[in-house]
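Here is how the chains run, residue by residue.
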Amino acid sequence: MHQASTGLPSLHACSLHADFKSTNAVQLLQTAHERYERCKVRYTSACEGKFRSKPWQQLLDEAKYLVESGVKELNLIAEDTNQYGQDRKDGKGLAQLMHELGKLEGLQWMRILYAYPSYFTEDLIDEIATNPKVCKYIDIPLQHINNMTLLSMNRPPQEHTVKLLQKLRQRIPDLVLRTTFISGFPGETEEGHQELVEFCKEFPFQRMGAFTYSEEDGTPAAEYQDQVPQDVREARRDELVSLQQDVGQDFAESLIGCQIPVLVDSITNDGQFLGRTQWDAPDVDPMVFLSEPESNELPALAVGQMRLCEVDGTLLFDIEAHPVR
């Protein structure tokens with residue numbers, strides 16, 4: 001179990017029901033029933049069983065209800081979100097689900113959170129690339145890149161992951177990838193850590209979080225003998241975080257002068273409107289600080305709007321922008 005939160009709400013907390021009342025423009029859509037899965041790093045939820053996709057019509061009904069309630073963005077999430085439908089034989093996977101969701105009038109965006117490297121089909125990649133309502137953003141928690149550490153974590157090997165990441169960037173225009181890495185997993189050597197550092201330099205992620213490993217009772221990794229000292233875990237994490245700060249700042253600066261859609265999320269007590277681009281998931285990624293339109297002919301800002309905005313500057317990783325439409 002890593003020491004800090006991934007930034008995503010717990011699956012238990014975001015299960016949707018028919019009497020659900022939506023007051024926000026953004027909501028989670030859980031695509032699978034909770035299960036209990038023992039992995040080397042953590043316990044992933046509180047229920048025992050295999051991956052079980054939610055029924056097709058139930059998901060469509062939930063999504064329709066949310067959109068009719070005013071939701072503009074659906075964030076699709078499960079323990080392995082892109083595994084949706086693979087436990088059935090009806091041919092309805094995540095690609096087909098997103099295609100149907102794209103027909104909902106009023107829905108502006110949908111994004112994939114918590115995707116697993118092993119479950120990317122060709123039709124899923126095509127759907128992300130071509131569906132205009134699918135954010136060109138994928139959250140794939142890789143955890144590490146060193147093969148020995150990945151083996152200890154029971155994760156896919158490096159070669160598979162690298163080929164997948166290259167394919168995603170080649171096939172999906174303007175794609176932004178988010179990932180998380182764990183520093184100090186039992187058995188991680190200094191050489192293994194430096195391999196991860198070099199990988200992040202060669203294949204920078206516009207969005208990335210790094211966390212220290214912490215033991216969780218009952219998981220196999222907690223019983224490993226070669227635990228990494230806490231100060232070493234923290235130093236390795238800090239090196240990754242420092243590297244990522246430069247990457248995130250460079251990406252923000254690359255947007256200056258661009259005109260991009262922004263979803264107006266909220267307004268602070270002092271009247272500052274805040275929004276997000278398609279490359280920013282709620283709560284975990286940077287924000288857009290919005291100023292009112294320069295032209296009196298354009299409508300004033302309001303929460304829930306989707307506005308085309310021009311980026312004026314940056315605040316480290318956040319950006320400043322004003323509406324042009």
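Every value quoted in this text rests on a predicted model; they were computed, and no experiment measured them.

Regarding the environment of Gln194
Reasoning step 1: When you line up the elements, Gln194 lands in helix H6 (residues 190-202).
Reasoning step 2: For the pair Gln194 and Asn146, spaced 48 residues apart in the sequence, the C-alpha separation amounts to 9.2 Å.
Reasoning step 3: Only 2.9 Å separates the side chain of Gln194 from the side chain of Glu190, close enough to count as a polar contact.

Description of the pairing of strand E7 (residues 176-183)
Regular strands place their side chains on alternate faces of the sheet.
Reasoning step 1: Here E7 lies mainly inside the structure; 8 of its 8 residues are buried.
Reasoning step 2: Residues Val176, Arg178, Thr180 and Ile182 point to one face of E7 and Leu177, Thr179, Phe181 and Ser183 to the other, with burial holding for every one of them.
Reasoning step 3: Where strand E6 (residues 134-139) lies against E7, 3 bridges are found, and the strand directions are parallel. Bridge pairing links Ile138 to Leu177 in E7.
Reasoning step 4: Two elements, E7 and strand E8 (residues 207-212), share 6 bridges in a ladder whose sense is parallel. The residue of E8 that forms the bridge with Ile182 is Phe211.
Reasoning step 5: For the handedness criterion, the β-α-β arrangement of E7, H6 and E8 is classed as right-handed.

Some words on helix H2 (residues 94-101)
Reasoning step 1: For H2, every residue scored as buried is listed here: Leu94, Ala95, Leu97, Met98 and Leu101. Down the axis of H2, the buried set is contained in an arc of 160 degrees. They therefore lie on one face.
Reasoning step 2: In this structure, the buried side of H2 is in contact with strand E1 (26-30), helix H1 (56-68), strand E4 (73-77), strand E5 (109-112), helix H3 (122-130) and E6.

Observations regarding the nonpolar core
Reasoning step 1: Leu101, Phe120, Ile138 and Leu168 are the most contacted members of the largest nonpolar core, which totals 48 residues.
Reasoning step 2: Broken down by element, this core gets its largest block of residues, 6 residues, from H1.
Reasoning step 3: Residue contacts for Phe120: discarding those within four places in its chain leaves Asn82, Ala115, Ile125, Ile128, Ile138, Ile140, Leu164 and Leu168.
Reasoning step 4: Val26, Cys135, Phe273 and Trp279 belong to the second-largest nonpolar core, a separate cluster that totals 26 residues.

Rules used in this analysis
Per chain, the residues get numbers from 1 upward, laid out in the order the sequence is written. The model is predicted, so local features are restricted to residues of pLDDT at least 70 and side-chain atom pairs to those at 80 or more, both for listing and for counting; the totals for chains, interfaces and linings are taken over all residues. The side-chain numbers reported here are obtained from all heavy atoms of the structure, hydrogens and water having been left aside. Helical segments are the DSSP runs of H or I of at least four residues, strand segments are the runs of E of at least two, and each set is numbered from the N terminus. Between N or O atoms, a polar contact is any pair within 3.5 Å; within protein, one atom must be a potential hydrogen donor and the other a potential acceptor, and residues adjacent in sequence are included only when both atoms are from side chains. Note on classification: 1.4 Å probe, protein chains only; a residue is buried when its accessible area is under 20% of the maximum for its type, exposed when over 50%, partly exposed between these limits. For two strands to count as paired, DSSP must find a minimum of two bridges between them. Place the viewer so that the strands point away; then a crossover is right-handed whenever the path from the first strand over the helix to the second strand goes clockwise. Here the arc refers to the set of directions running from the helix axis out to each C-beta atom. Throughout, a residue-residue contact means that at least one pair of heavy atoms, one from each residue, lies within 4.5 Å. Working definition of a nonpolar core: buried Ala, Val, Leu, Ile, Met, Phe, Trp, Tyr and Cys residues. They are joined through side-chain atoms within 4.5 Å.

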